[in-house]
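# Understanding the architecture of this molecule
So you can see what is in the structure, the chains are spelled out below.
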Amino acid sequence: MAKRTESSITHKDIITAIRQQEYAPVYLLMGEESYYIDRISEYIADNILTEDEKGFNQQIIYCTRETNVADIINSAKRYPMMAEHQVVIVKEAQNLLKLDDLLFYVQNPLKTTILVICYKNGTVDKRKKIVAAIEKTGVVYESRKLKESQLPSFVTDYLRRKNIGIDERSVLMLVESIGSDLNRMAGELDKLAITLPAGFNRITPEMIEMNIGISKDFNNLELRNAIINKDVYKANQIIGYFEQNPKANPPVVTLAMLFNFFSNMMLAFYFPVKTEQGMCDYLDFRNSWQLRDYMTAMKNYNAMKTMLIIGKLRETDARMKGVGKGNTTDGDLMRELIYFIMH
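Residues numbered from 1 in each chain as written. Predicted model: local features only at pLDDT ≥ 70, side-chain atom pairs only at ≥ 80, totals over all residues. Heavy atoms only, no water.

### Brief notes about the pattern of salt bridges
Here is the rule we go by: What counts as a salt bridge is simple: a side-chain nitrogen of Lys or Arg found within 4 Å of a carboxyl oxygen of Asp or Glu. Strands are runs of DSSP state E lasting at least two residues, helices are runs of H or I lasting at least four, and both sets are numbered from the N terminus onward. Per-residue accessibility, obtained with a 1.4 Å probe over protein chains only, is compared with the maximum for each type, and a residue is labelled buried under 20%, exposed over 50%, and partly exposed between these values.
Under the definition given, this model contains 23 salt bridges. Across the salt bridge formed by Arg335 and Glu243, the nearest N and O atoms sit 2.3 Å from each other. Of this pair, Arg335 sits in helix 17 (residues 330-342) while Glu243 sits in helix 12 (residues 232-244), and the two are 92 residues apart along the sequence. Assessed through its relative accessible area of 34%, Arg335 is described here as partly exposed. Among the charged side chains, a salt-bridge network with shared partners connects Lys312, Glu315, Arg319 and Glu336.

### Some remarks on unusual backbone geometry
With phi around 55°, Met82 is a residue other than glycine that occupies positive phi space. Relative to the assigned elements, Met82 resides in the loop between helix 4 (69-76) and strand 3 (86-91). One non-glycine residue with positive phi stands out, namely Asn121, at about 60°. Among the secondary structure elements, Asn121 is positioned in the loop between strand 4 (113-120) and helix 6 (129-137).

### Focus: the packing of aromatic side chains
Rules: Side-chain rings of Phe, Tyr and Trp (the six-membered ring for Trp) are treated as a pair once their centres are within 6.5 Å; stacked means planes under 30 degrees apart, edge-to-face means over 60, and tilted covers the remaining angles. In our convention, an over-ring charge means Lys NZ or Arg CZ found within 6 Å of a ring centre and within 35 degrees of that ring's normal.
Scanning the entire structure with this criterion turns up seven aromatic pairs. Their ring planes at 80° and their centres at 5.1 Å tell us that Tyr35 and Tyr36 sit as a pair that is edge-to-face. In this structure, Tyr35 and Tyr36 share a single accessibility class: buried. A network of ring pairs unites the aromatic residues Tyr35, Tyr36, Phe154 and Tyr158 as a single cluster. Above the face of the Tyr301 ring, Lys230 is positioned so that its terminal group lies 4.8 Å from the ring centre. Against the face of Phe340 rests Lys312, its NZ or CZ located 5.7 Å from the ring centre.

### Structural notes on the environment of Asn108
Here Asn108 lies in the loop between helix 5 (103-106) and strand 4. Exposure remark for Asn108: the relative accessible area of 62% places this residue in the exposed category. Residues Asn108 and Glu51 lie 57 residues apart in sequence; the distance between their C-alpha atoms is 28 Å.

See the structure below:
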């Protein structure tokens, strides 16, 4: 496949090339987001060799700190048996103490071997010779965490491939409750897909509440909506529910959600181009409906109040971590925060 830098190549590019039988002898898959690393390595494991060929020609190596790089090189230097290629997938390569020892192999890799190096929870220093060498002979891919604004599209696209629809409220429930852990998100979406009644192909808030345990009425999305619309009664209802169910509704998640919302709103106040498309581009929203909540909130909270709320959120976070907390409970702090925001 054509050589491209790790900053421009996508997981879809890699899978498309493999589907067209354009194989690279070495793939370095690295980054903070393990989901796409897993998808690429799984696709390679499932599709390059036939089931008959895999027995002799596919090896998966799970690395620990005791794993010897020489053993990986010896596996990569084997020739395939009764097949055109062999596949060697190195999992958890971040555990290798001497990853750089692979340099001499990746500089001149065996053309009949497809070596896949899966390096999770971080990246190999791009200044190292091994990265430059793989860029010359193979493919370097960096899997980055999705921004919060990209998560709704991930959910809808994932379900669309399964011919399943989902409404806007359900998307936001999942995003607010699960966050950016794509492997967990995919697992929950698969669970919802499996539990859909026969002949029904659309996910609703009621299904999410029943199968994932996220309350359709008392969750961070509904709290945000209550705050946006200055519904004091509803906001206090939800905070009371959260206090009674702290494991399902940890305050740190609620604080992060509110901080992100009001920080974006502060940016929106000072963005000079107030058109819908201009605001969406500036805030990196994929859909215009993501902007609607901000436009409503900006009518109920001015820029000065928004700035004071951000300061209060920082103060609340510090107090929850023990700074001047005293005997105050997390529930007390959250009620105090909501009162400050709403008044």
